[in-house]
Every structure is written in C-alpha cells, then in structure tokens.
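Analysis of the macromolecular model
The primary structure of each chain is shown beneath.
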Amino acid sequence: MNLTIDVDLPAELSRFKLPQAVDARLQTLLDRQDSGQLLTESERAEAEGLVNLAELLSLLRLRAERICP
C-alpha cells in the first residue's frame, strides 16, 4: 500500500537545516557510536530521532529546490 501526501512547500524551506547545536549533538552521538562506545537506550533513541529529522529536512529541501529552483 502506498500513501501519497501533497504538501505546498514554502520557498524558505530550502534553507531549513538542523540548528548548529542539535547537529553537533547528533555528530557527537554518531562519533561515539562509530568509535565503539555503547550508547544508552535513551541516547540511541535520541540519535535515531535526530537522524530521522535530518533526513526529513533534507528531503524537504530537495523537494523545495526542485519545485522552486
């Protein structure tokens, strides 16, 4: 089953990205994980949520750029 949602995207969306402090937190968590340090369950959930948000913002930016070059 596929679900398609049409959304009007504002032109400003092309500038959306994670705030610097949030991006730094995500990088810290990912660097710790990559170095072999175990993340707590809470940290794993936080990292997963931030990755999902970053991916969503990237997809929305790409969509906005495609629609409003």
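A short tour of the structure in this document, coming up. Just so you know, these numbers come straight off a predicted model, no measurement behind them.

Mapped onto the elements of the fold, A54 is located in helix α2 (residues 41–67). Distance from A54 to L26, taken between C-alpha atoms, is 9.6 Å for residues 28 residues apart in sequence.

This brings us to helix α1 (residues 20–34). Here α1 spans 21 Å end to end across 15 residues, near enough to the 21 Å set by a 1.5 Å rise per residue. Following α1 by one or two positions, G36 adopts a phi angle in the positive range, close to 95°.

Time to look at the environment of D23. Assignment of secondary structure puts D23 in helix α1. Its relative accessible area of 34% is what places D23 among the partly exposed residues. Once the C-alpha coordinates of D23 and V51 are considered, the two residues, 28 residues apart in sequence, prove to be 9.4 Å apart.

With that settled, consider the environment of V51. Residue position: V51 is located in helix α2. C-alpha of V51 to C-alpha of Q27: the two residues are 24 residues apart in sequence and 9.9 Å apart in space.

What counts, and at which threshold
Residues numbered from 1 in each chain as written. Predicted model: local features only at pLDDT ≥ 70, side-chain atom pairs only at ≥ 80, totals over all residues. Heavy atoms only, no water. Helix = DSSP H or I, 4+ residues; strand = E, 2+ residues; numbered from the N terminus. Expected span 1.5 Å × (residues − 1). Buried < 20%, exposed > 50% of the residue type's maximum accessible area, 1.4 Å probe, protein only.

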